Amino acid sequence: MCCKGFLKIMMFIFNGGIFLAGAALLGVGVWVTVDSSSLLGLLDQVEDTPDQVYQLFNIGYILIGVGAVLVVIGFLGCCGAIRESKCMLLTFFSIVLVIFIVEVAGGVVLLVFQDVAGEIFDSVENEMRSVIRKNYGKDEKMTSVWNATMEEFKCCGYKNYTDFDGSPFNELHGGQLYPLTCCLSNVTRGECNTNEAHKSNVPGCFNRLVQLFEENAVIIAAVAMGIAALEIAAMVVSMILYCNAGKKS
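Rules used in this analysis
- Residues numbered from 1 in each chain as written.
- Predicted model: local features only at pLDDT ≥ 70, side-chain atom pairs only at ≥ 80, totals over all residues.
- Heavy atoms only, no water.
- Helix = DSSP H or I, 4+ residues; strand = E, 2+ residues; numbered from the N terminus.
- Buried < 20%, exposed > 50% of the residue type's maximum accessible area, 1.4 Å probe, protein only.
- Contact = heavy atoms within 4.5 Å.
- Disulfide = S-S within 2.5 Å.
- Phe/Tyr/Trp six-rings, centres within 6.5 Å; stacked < 30°, edge-to-face > 60°.
- Axes fitted to C-alpha atoms, helices over the stretch in contact; angles between N-to-C directions.
- Parallel < 35°, antiparallel > 145°, perpendicular 65-115°, else oblique.
- Left-handed = near helix turned anticlockwise from the far one by under 90°.
- Nonpolar A, V, L, I, M, F, W, Y, C, P; charged D, E, K, R; others polar.
- Patch = residues over 30% accessible without salt bridge, like charges linked within 9 Å, V, L, I, M, F, W, Y side chains within 5 Å.
- Areas by Shrake-Rupley, 256 points an atom, 1.4 Å probe, with all protein chains shown as cover.
- Salt bridge = Lys/Arg side-chain N within 4 Å of Asp/Glu carboxyl O.
- Expected span 1.5 Å × (residues − 1).
- Polar contact = N/O pair within 3.5 Å; in protein donor to acceptor, adjacent residues only side chain to side chain.

A.B. asks: Requested: an account of the overall build of the chain, with residues and values cited.
C.D. replies: Scanning the chain from terminus to terminus reveals nine helices and zero strands. Ordering the α and β elements of the chain from the N terminus gives α-α-α-α-α-α-α-α-α. Buried residues in the chain amount to 43% of all 249 residues. Sequence separation of at least 24 residues holds for 72% of the intrachain contacts in the chain that already meet a minimum separation of 6.

A.B. asks: So what about the state of the cysteines? Which residues, and what values?
C.D. replies: Under the criterion given, the structure shown has three disulfides. The disulfide partner of cysteine 156 is cysteine 182, and the S-S distance across this bridge is 1.9 Å. Where cysteine 156 bonds to cysteine 182 through sulfur, the torsion about that S-S bond is close to 80°, and the disulfide is right-handed. You can see cysteine 156 sitting in the loop between α6 (140–153) and α7 (168–172) and its partner cysteine 182 sitting in the loop between α7 and α8 (194–200), a full 26 residues away along the chain. An identical accessibility class is assigned to cysteine 156 and cysteine 182; each is buried.

A.B. asks: Please provide a residue-by-residue account of the packing of aromatic side chains, values included.
C.D. replies: Inspection of the entire model under this criterion finds four aromatic pairs. Measuring from centroid to centroid gives 5.6 Å for tyrosine 136 and phenylalanine 169, while their planes differ by 75°, and the two rings are edge-to-face. Placement of the pair is tyrosine 136 in the loop between α5 (125–135) and α6 and phenylalanine 169 in helix α7, with a sequence separation of 33 residues. Given a relative accessible area of 21%, phenylalanine 169 falls into the partly exposed group. Pairing tyrosine 161 with tyrosine 178 gives two aromatic rings, centres 5.2 Å apart and planes at 90°, and the pair type is edge-to-face. Here tyrosine 161, found in the loop between α6 and α7, pairs with tyrosine 178, found in the loop between α7 and α8; they are 17 residues apart in sequence, far enough to count as distant.

A.B. asks: Residue-level account of unusual backbone geometry, with values.
C.D. replies: For lysine 154, which is not glycine, the phi torsion reads 55° and is therefore positive. Residue lysine 154 is classed as exposed on the basis of its relative accessible area, which comes to 55%.

A.B. asks: So what's going on with the environment of serine 167? Which residues, and what values?
C.D. replies: Positionally, serine 167 belongs in the loop between α6 and α7. The buried category is assigned to serine 167, whose relative accessible area is 0%. In this structure, the C-alpha to C-alpha distance between serine 167 and lysine 134, residues 33 residues apart in sequence, is 5.8 Å. Among all residues touching serine 167, those that are not within four sequence positions of it are Ile132, Arg133 and Tyr136.

A.B. asks: Please set out the packing of α5 against α6 residue by residue, giving values where relevant.
C.D. replies: Relative orientation of the contacting elements α5 and α6 amounts to 120°, with a least axis distance of 10 Å. As summarised for this structure, α5 and α6 are arranged oblique, according to the angle between their axes. The interaxial crossing formed by α5 with α6 has left-handed handedness. Between α5, through Met128, Val131, Ile132 and Asn135, and α6, the contact on the second element is made entirely by Met142, Thr143 and Trp146. By residue class, the composition of the contact of α5 with α6 is five nonpolar, two polar and no charged.

A.B. asks: Lay out a nonpolar patch on the surface with the relevant residues and their values.
C.D. replies: Taken together, the side chains of Phe19, Leu20 and Phe75 present a nonpolar region at the surface, about 340 Å² in accessible area. For phenylalanine 19, a relative accessible area of 36% corresponds to the partly exposed category.

A.B. asks: Talk me through the pattern of salt bridges; I want residue IDs and the actual numbers.
C.D. replies: Close approach of charged atoms lets side chains of opposite charge pair. Evaluation of the coordinates by the stated rule reveals three salt bridges. Between arginine 129 and aspartate 163 there is a salt bridge; the shortest N-O distance is 2.9 Å. Linking arginine 129 in helix α5 with aspartate 163 in the loop between α6 and α7, this pair joins segments that are 34 residues apart in sequence. Given the relative accessible area of 17%, arginine 129 is considered buried. Its salt-bridge partner being glutamate 151, residue lysine 154 comes within 3.4 Å of it at the nearest N-O pair. Glutamate 151 gets classed as partly exposed once you look at its relative accessible area, which sits at 44%.

A.B. asks: Break down α6 for me, with residues and values.
C.D. replies: With 14 residues, α6 ought to run about 20 Å at 1.5 Å a step, and its terminal C-alpha atoms sit 20 Å apart, in line with that. The N-terminus of α6 is capped by aspartate 139, whose side-chain oxygen sits 3.1 Å from the backbone nitrogen of lysine 141. Taken from the residues just after α6, lysine 154 is the one with a positive phi, measuring 55°.

Following this line, the structure appears as structure tokens:
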């Protein structure tokens, strides 16, 4: 009886951890999705964007789904331990096992994408520059998307300020002016001209894209490792409780 009581306590602790980890993963998923939405808007301007690019942005939705499921199974595990229900304990074990397998597979995919993220975004550089030089300053929607993204992430163009050379905006101002975000506030005196943009050397949004996924990959990996450890422990305890459920002490 004492041993069973201890296992129940451990089950509560592990499932409480899974519940909280699921909530954390849900929060990270929402953060990734919101953080990348404006960057995704830039890629929508490019025709024939590689499918791998959009797969990178689906990571946020996957995290939201997995986080929501973990919150549910954390609650299910606690209920199963209280009621000593074999059905609930077995269901809990099965769901956690499936989630664990999915997380391992997702971790492998994430590591692969992290290594090739730079190459994937680099592959659309010429197309992105072509779109900027054709439409920035002429297409109101495209211009507003770029302005909002550059303002939010403190970046300029896809690689640098020269991406705007020859654009309608640039030509309208005699080929000498660039978006204000291409110049640092402590360098700019009035307008953002070629000299000020060169001195500011504001990094392109391409670098921010790569940085975004590298930072998120580290956070996701750390959360996933903690969840995986809790899941393994919870599965072991749930199976012990399942085998002992209904037995008299």
